[in-house]
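Here is how the chains run, residue by residue.
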Amino acid sequence: GEDVEQSLFLSVREGDSSVINCTYTDSSSTYLYWYKQEPGAGLQLLTYIFSNMDMKQDQRLTVLLNKKDKHLSLRIADTQTGDSAIYFCAESINNDMRFGAGTRLTVKP
Amino acid sequence: NAGVTQTPKFQVLKTGQSMTLQCAQDMNHNSMYWYRQDPGMGLRLIYYSASEGTTDKGEVPNGYNVSRLNKREFSLRLESAAPSQTSVYFCASSGHRGHIEDTEAFFGQGTRLTVV
């Protein structure tokens, strides 16, 4: 995933907002995704955004897309201990999905 | 619903041994993928199969072979394991392109492989 970059760690307190950032390099990506990986499990799709959108809100999740800067962010409002996981940003290119390295979110009580 | 099933969940191999990781999906998906996940490097695509009977190299194919046995099954083979192949391996599948519901990739639980 060298084409998709995200910071490796984020620590927040329960109840605070979490913001996970991602940059990607391929402007032809049609969809951009956020996946969540809980310990010992595979990845599960959390949310996605189509490349012609700037923002998408889904309950506690807000995705912001800045296509000019190729920057994607995921905001989790009122972060809970159950949100502790690794979050992967991904872009789809042809038949390939490229993933970032994952951001490990730790939520402290 | 089973989704994507991978076996085995854990495996320890000696350098030079061979093994096959099995993957099956029951969602009638055309596309299947093998990724490896290493600390700090995210997921890297090893091979993928866009449809039954076709396979293509991904980002890190060296040291691996794959077989798309039928629409359901996509196996990954290590002919001569090396310590650099110690990793967690994920199989995934997805449907047709064109609809967001179909582009979602479903992942197996992973195989933790250690080569000593």
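The residue numbering used here restarts from 1 in each chain and proceeds along that chain's sequence as written. Both sets of labels track the order of writing: A upward for chains, 1 upward for ligands. pLDDT decides what is reported in this predicted model: residues at 70 or higher carry local features, side-chain atom pairs at 80 or more are listed and counted, and totals for whole chains, interfaces and linings draw on all residues regardless. In computing side-chain properties, one takes all heavy atoms of the structure into account and sets aside hydrogens as well as water.

When glycine is set aside, most residues are seen to have a negative phi, and most peptide bonds are trans. Along the chain, B:Thr7 connects to B:Pro8 via a cis peptide bond; the corresponding omega equals -5°. Mapped onto the fold, B:Pro8 is located in the loop between strand E1 (4-7) and strand E2 (10-13). One non-glycine residue, A:Gln59, lies in the positive phi region at around 55°. A run of H or I in DSSP becomes a helix once it reaches four residues, and a run of E becomes a strand once it reaches two; helices and strands are each numbered from the N terminus. Relative to the elements of secondary structure, A:Gln59 occurs in the loop between strand E6 (55-58) and strand E7 (61-66).

Let us now look at the sheet that holds strand E7 (residues 65-68) of chain B. Residues and elements named next belong to chain B. Taken in spatial order, the four strands make up an open sheet running E1-E3-E8-E7, and their pairing is antiparallel. Among the strands making up the open sheet, the edge pair consists of E1 and E7. Each strand axis lies, on average, 15° off the axis of its neighbour in the sheet, ignoring direction. Between any two strands, at least two bridges found by DSSP are needed for them to pair. Bridge analysis of strand E3 (residues 19-25) against strand E8 (residues 74-78) gives three bridges, and the strand direction is antiparallel. When the sheet's bridge partners are listed, Thr20 is paired in E8 with Arg77. Only the stretch in contact is used when fitting a helix axis, every axis being a line fitted to C-alpha atoms; angles between N-to-C directions are given from 0 to 180 degrees.

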